[in-house]
Structures are given as structure tokens and as C-alpha cells.
Amino acid sequence: MTALRKLAPRQALLEVSGVSKSYGGQVGCVDVSFAIYPGEVLGVVGESGSGKSTLLACLSGRLAPDAGAIVYDMNDRGPVDILSLSEPERRRLARTDWGIVHQNPRDGLRMDVSAGGNIGERPMAIGARHYGNLRTEAQDWLEKVEIDLARTDDKPRTFSGGMQQRLQIARNLVTKPRLVFMDEPTGGLDVSVQARLLDLLRGLVRELGIAAIIVTHDLAVVRLLADRLMVMQRGRVIEQGLTDQVLDDPHHPYTQLLASSVLQV
Amino acid sequence: MKRASTRPAQGYNFAYLDEQTKRIIRRTLLKALSIPGHQVPFGGREMPLAYGWGTGGIQVTASIIGPEDTLKVIDQGADDTTNAVSIRRFFEIVTGVATTERAEEANIIQTRHRIPETPLQEGQIIVYQVPQPEPLRKIEPRETETRKMHSYAEYGAMQVALYEDIARFGYIAKTYDYPTLVNARHLMSPSPIPKFDNPKMESSPAIQLFGAGREKRIYAVPPYTSVRSLDFDDHPFEVQKWEQCCALCGSTTSYLDEVITDDNGGHMFVCSDTDFCNTRQREQAQAGEADDSAPPTALAATEIPS
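Keep in mind that this is a model prediction, so the values were computed, not measured.

> Whenever I open this one, the overall build of chain A confuses me. Can you help?
A count of helical and extended segments in chain A gives eleven helices and ten strands. Taken along the three principal axes of its C-alpha coordinates, chain A extends 55 × 50 × 50 Å. Classification of the 265 residues of chain A by burial places 52% in the buried group. Contacts spanning at least 24 positions in sequence make up 65% of the contacts within chain A whose residues lie at least 6 apart. Summed over its atoms, the accessible surface of chain A is roughly 12,200 Å², and 50% of this surface lies on carbon and sulfur atoms. Considering chain A, the positive charge centre built from 31 side chains and the negative charge centre built from 32 side chains are found 4 Å apart.

Spelled out as C-alpha cells, the structure:
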């Protein structure tokens, strides 16, 4: 019986097939297909303008692709093409089962609401109405992302860049999403803060079994976090595979260039 | 007290607005009543009054008032303050309807900042003047986004605002324009009435109409509709309380205003609802004469002990 179950193909959490998006004559992304399984971390790398962010916006429902299908395995309904969901359903999905970590924390945080309120927003949006519990939960998460509890009632605008980014992560993970989209989560942070954030992310992703799609141009980030890697150029996926495989034995000329352009210290 | 109806001024249509505009507003009101708490846009007109002084409320009143109606106008609970006097006189001139200061005699009550202490009855209509109809505006400045939040009932952000209050002050510090959920569906701003008045909106037998002139929005609560004030399970909704009673009528149940009486720190608390306070004082005086005993001692201005 168990052997049979092992043989049966696992249901992908998110299955993307043939997604294309163009802005008039400008190409966003072309015919992108991949699947991501529960607990897996997928890195998407490529130079600026290669369509990474367009792809991420399409996947997370913020942008409607011109063609293709994005099938997500919903908790209560099984695999559903998210493009066929109504807008309230999609917004609800994005608020509960998904997390979106923006490159700029100002896009993902409410800057004039305290750290505790920022973390509590998602639980309150799905009906939590007990102040004490909300606060305990918020402080649990502040501890997890290594923010001093004394800062619970401070506004994020008084936080450093790294703290803001950690708060953004806590705010997203509080509803225990199964899939997190991250757009350059370490962009704009200095190297030592980056390293700590990556450490933290790696711990959380492994501990909670979250699947994540991380868009970045920083190969060190994917080397540390991603199980699989997808390389994009001019809107197309030119190479994909296991991270180490792609980075240590790149086949496509562009990937070779990318892998060799990292400074070896 | 009650001023009988007179002949309206010549040269104006009845109730100032032209008949087509009144029809537009009545249609808007019907839509608003059928979706309780939902803000319906309407073609607001310029009124002979500055925005912020009750242009929305006046337009609603003008569209529903008829020659047989009796009108009461309240400003901050009082019948004799600027806004109340000028709006009442406006309708006396353009409609000639009877006006009154007694809440139970009026069938249309236009109000700014208060709901009368006298419970409203079936057949009465209360018209609120609303400066900002959008309860989510301070949280979400984009109109496109607040509309989506209303249509998908995404009201978590409003709860965040209350959370912030408790985090900062230890209790929900909002005292007026306290957000309410109407008919368990739409988030609604009750206009800047004190939260003391929020419970009076719950299942009220009267029709409640809200007009925002500058923002050109109308919304409504039909009779016997649930109007729940938002709160937390462990921080339930509470209204203001006073240690004093009214210095003039001795009421312990009404909303009190603090009035400064001199330059030496003298102050007194009096009912904000003048009709309620005057009626009580009159009844006490009559009861006193009938018994030939001393009237209940009303407190004079109380000095702060130094």
C-alpha cells in the first residue's frame, strides 16, 4: 500500500504552463512552464529586465497573463486555475494561503501601524478578534524573526532596513502560508544583514515546510536557499535544474556567464 | 416651542431643490435603504451654505420633506446653536413647514453630532450630516481600493486601527465616528456622533439617512437593522461615562458637555441635548409645584477644589 502511494505522482502545489505576458511590443515573459512541490524552494535568477518580476506578479495574481494556466492546489478545493477564481477569492487566497515579500518593505508593510499591528493584520482579516491572543501571536513572531519585543509598539518607519524586511517576513508567515513569493528579499541590505536574513529565512522555510519562489539576481541567495533554479533571459527560461547542478555545471552560454561573473572571495 | 407652518417664500421651489434633483436623491435614498450601510453616490448640488455645514443633510431633508411635516434641527445636541438655527430658518423660509424643538413631536430630525436622548419612534426619520462617509479613509487613501474592501467585506484593516489604540493607550480611545458594522455586512461611519450614541442606532425603529454633501454620498439604515460597533472579544465596546450628573436637570443617563463658567477654573457638566434637559427641568418644576415641596436640588456650577 505504502509502496503504491510512493509510486503515485505527488500533486504539485503550483503548476505553471505556458505563461506569457507582454506589454504591447515589450516582452515580459514568454511561455514559462514549471511546477513547484510542497516544501520546495525555487530560485528564479536573471539579469534586470529578464521578466522575473513580471513572472512573479503573474503567479501571485497581481497581473493577468496573456496566455497560459496557473494551477494551484487549494487547501479546500484541490487544484484550481487561479485565473478562473473571482477577484475576492484570489485576494483571500493571497491573504491566507500565500505570502508576498516585496523587495521594498514599504510596499509590504503599513508604515504608520506598529509592528504588532502589522503582524496582526492578516489574522484580523480572517476573523481573529481577541486582542490578547493577537498580541501573543505577534510577539511570538517577533521573537522568531529576532526583533526585540520592546519594539512591539514601535512603527516600522523607526526600524532599520533589515528589521523592516524581517518584520515583513513575519507579517506574511503569521497565517502559515503554504507558498511564499519573494521578490529580491535581500535587495538593498548590507552584506552582514543579508547573511543573517538568509539564515533566518532558511531556518523558517525548513522549519515550517513552506514552498517558496524567490526572485533575485544574487546567486549567493539562491545557492543558500533554493533547491531548484530557473534561469531567465529576455523573458524566456533558458535553463532549469537543481541549484548546484545549474551553478556548477552551467550549459547555456548566458548561465555560464552568470555563474562565472560571481566574485570568488 | 412648536412653530406652526407658514406660507413658503415666493420665488423658490418648495424646499429649495428643483423636482428633478429631489427625484434623483429619492431614488438614491431607496437604493441606500435597500443595501443598508452601502454608500451610494449622488449628484450633489450646490446649496446656499458652505461645505462642512450640512449640505448633504440639507439635500436629504429637502428631498423627503412635505408641507405636513414637522422638522427639528439639532447641532451638537442643541436646538439654539448656529448650525441648527440657520438650517431650521432655511427650511422655514423655503418650505414653511412647522418646526419644533421636541424630539417626539418631529417626524423629521436633521442632526449634526448627536442622536436625541428621547428614544426615536416608528414613523420618524433622522437625517445625519456627514463630513467623511468613508470609514476606511484614514487607513486606505485610495478610493478604488476602499470600494473593493467594501464589496469583498475585507474589514481587517479597520480592526488594525482599533488594535493600535489598545496597544498605545490600553483601551479603544476613539470617542466619536466610531466604526459600525451594519446588517452584519457593511462597515459604516455613523457620522461624528459620540460613541455614546452608537447603541441608539442598533435596531432603531426610526429610518436613519446619512448625507455627505462634499463627498456626494448617501447611505442609510432602515428601521430595526443591526448596527454593531466594532470591538475585540477581550476589549468590548464601551460608551463614555461621567462621575457627575447634569448640573441643571440632574440626569445621570445623558451625554454631558463640560461648560467653562468663568476664568477661575469654574466649570459645570450639563446635558448636551437641550430639549431633553429643558423637558426634565420643566417636569421637575411642575412636580415641585404640585407637591409644594422643594424641587430636586440641581447642582450649581461645581468649583474644582484647589
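Next comes the rest of the account.
> Got a minute to help me understand the sheet that holds strand S3 (residues 41–45) of chain A in this structure?
Residues and elements named next belong to chain A. Overall, mixed pairing links the six strands, which are arranged S6-S7-S8-S3-S9-S10 in an open sheet. Where the open sheet ends on each side, the last strands, each with one partner, are strand S6 (98–101) and strand S10 (236–242). Within the sheet, the average angular offset between the axes of one strand and its neighbour, ignoring direction, is 15 degrees. Where S3 lies against strand S8 (residues 211–215), four bridges are found, and the strand directions are parallel. If you follow Val 41 over to S8, its bridge partner there is Ala 212. Taken strand by strand, helix H11 (residues 253–260) contacts S3, strand S9 (228–233) and S10, and its axis lies near 110 degrees from that of S9.

> Explanation requested: the confidence of the model for chain B in the structure shown.
Detailed reading of predicted coordinates is not advised where the pLDDT is low. Residue and element names in this part refer to chain B. On average, chain B scores 92 in pLDDT, and the residues at 70 or more come to 95%. Below pLDDT 50 for its whole length, residues 297–306 participates in 14 contacts with residues either more than four positions away or in separate chains. For this predicted complex, the interface confidence reaches an ipTM of 0.84, while the overall pTM sits at 0.86.

> Could you clarify how one ought to interpret the environment of B:Ile218 in this entry?
All names here are of chain B. Take Ile 218: it is sitting in strand S9 (residues 217–221). A relative accessible area of 0% means that Ile 218 is categorised as buried. Residues Ile 218 and Ala 4 lie 214 residues apart in sequence; the distance between their C-alpha atoms is 30 Å. Residues within four places of Ile 218 in sequence aside, it is in contact with Ile 25, Thr 28, Leu 29, Ala 32, His 38, Gln 39, Val 40, Phe 42, Val 60, Phe 210 and Gly 211.

> What is the right way to read the domain arrangement of chain B from this model?
Many structure descriptions define interface size as the accessible area lost when the parts assemble. Residues and elements named next belong to chain B. Parsing chain B into structural domains produces domain 1 (19–133 + 182–227) and domain 2 (241–298). Between the C-alpha centres of domain 1 and domain 2 the distance comes to 28 Å. Taken together, the contact between domain 1 and domain 2 spans 16 residues of the former and twelve residues of the latter. Of the roughly 970 Å² buried where domain 1 meets domain 2, counting both sides, 47% is carbon and sulfur surface. When residues of domain 1 are sorted by the area they lose upon contact with domain 2, Arg 102, Glu 117 and Phe 196 head the list and together hold 45% of the total. One can count one salt bridge joining domain 1 with domain 2. As a salt-bridge pair, Arg 102 and Asp 275 come within 3.6 Å of each other at their nearest N and O atoms. Applying the counting criterion to the domain 1 and domain 2 interface returns six residue pairs in polar contact (both at pLDDT 80 or more). Broken down by class, the residue content of the side of domain 1 that touches domain 2 amounts to five nonpolar, three polar and eight charged.

> Is there a simple way to explain the interface of chain B and chain A in this structure?
Opposite the 19 residues of chain B that make contact, chain A presents 21 residues. Interface area lost by chain B to chain A is led by B:Tyr152, B:Val160 and B:Tyr163, which between them contribute 31%. Here chain B is connected to chain A by 14 residue pairs in polar contact (both at pLDDT 80 or more). When residues of the side of chain B that touches chain A are traced back to their parent elements, those giving at least two are helix H4 (143–151) and helix H5 (156–169) of chain B. It is H5(B) that provides the largest number of residues to the side of chain B that touches chain A, a total of eight residues. Per-class residue counts for the side of chain B that touches chain A are nine nonpolar, three polar and seven charged.

> Could you clarify how one ought to interpret H5(B) in this entry?
One turn of the α-helix equals 3.6 residues, which is why residues spaced by three or four share an orientation. The end-to-end C-alpha separation of H5(B) is 20 Å, in line with the 20 Å expected for 14 residues at 1.5 Å each. Most of H5(B) is tucked away: eleven of the 14 residues are buried. All of the buried residues in H5(B) are B:Gly156, B:Ala157, B:Met158, B:Gln159, B:Val160, B:Leu162, B:Tyr163, B:Glu164, B:Asp165, B:Ile166 and B:Ala167. Packed against the buried residues of H5(B) are helix H5 (115–125) and helix H6 (131–144) of chain A together with H4 and strand S7 (186–188) of chain B. One or two residues past the end of H5(B) sits B:Gly170, with phi positive at roughly 90 degrees.

> Looking at this structure, how should I read the pairing of strand S8 (residues 207–212) of chain B?
Residues in a regular strand point their side chains to alternate faces of the sheet. Of all six residues in S8(B), five are buried; the element is thus mostly enclosed. Between S8(B) and S9(B), which pair antiparallel and follow one another directly, the connecting turn spans four residues, one of which, B:Lys216, has a positive phi of 55 degrees.

> I keep staring at helix H2 (residues 55–64) of chain B and nothing clicks. Help me out?
Counting buried residues in H2(B) gives nine out of ten residues, a clear majority hidden from the surface. Of all the positions in H2(B), only B:Thr55, B:Gly56, B:Gly57, B:Ile58, B:Gln59, B:Val60, B:Thr61, B:Ala62 and B:Ser63 are classed as buried.

> Honestly, the UniProt feature "domain: ABC transporter" (unreviewed entry) in chain A in this entry has me stumped. Any pointers?
Within this numbering scheme, the UniProt entry marks residues 14–259 of chain A as carrying the feature "domain: ABC transporter" (unreviewed entry). Segment residues 14–259 of chain A splits into 40% helix and 26% strand. End C-alpha atoms: 27 Å apart.

> Any chance you could explain the nonpolar core here in plain terms?
General note: in soluble globular proteins, nonpolar side chains tend to be found buried as a group. Residue and element names in this part refer to chain A. Ile 119 and Leu 167 are the most contacted members of the largest nonpolar core, which has 42 residues in total. If you tally residues by element for this core, the top one is helix H8 (residues 191–208), at six residues. Not counting residues within four places of it along the chain, the set of residues in contact with Ile 119 comprises Ala 138, Trp 141, Leu 142, Leu 167, Ala 170, Arg 171 and Val 174. Grouped together as the second largest cluster of nonpolar side chains are 31 residues, Leu 56, Ile 70, Ala 211 and Ile 213 included.

Cut-off values and rules
Residues numbered from 1 in each chain as written. Chains lettered and ligands numbered in written order. Predicted model: local features only at pLDDT ≥ 70, side-chain atom pairs only at ≥ 80, totals over all residues. Heavy atoms only, no water. Helix = DSSP H or I, 4+ residues; strand = E, 2+ residues; numbered from the N terminus. Buried < 20%, exposed > 50% of the residue type's maximum accessible area, 1.4 Å probe, protein only. Contact = heavy atoms within 4.5 Å. Areas by Shrake-Rupley, 256 points an atom, 1.4 Å probe, with all protein chains shown as cover. Lys, Arg positive; Asp, Glu negative; His and termini not counted. Charge placed at Lys NZ, Arg CZ, Asp CG, Glu CD. Pairing = 2+ DSSP bridges. Axes fitted to C-alpha atoms, helices over the stretch in contact; angles between N-to-C directions. pLDDT = per-residue confidence, 0-100. Domains from an automatic or database assignment. Buried area = accessible area lost by both parts, 1.4 Å probe. Salt bridge = Lys/Arg side-chain N within 4 Å of Asp/Glu carboxyl O. Polar contact = N/O pair within 3.5 Å; in protein donor to acceptor, adjacent residues only side chain to side chain. Nonpolar A, V, L, I, M, F, W, Y, C, P; charged D, E, K, R; others polar. Expected span 1.5 Å × (residues − 1). UniProt positions renumbered as here; feature names shortened; annotations may be inferred. Core = buried A, V, L, I, M, F, W, Y, C linked by side-chain atoms within 4.5 Å.

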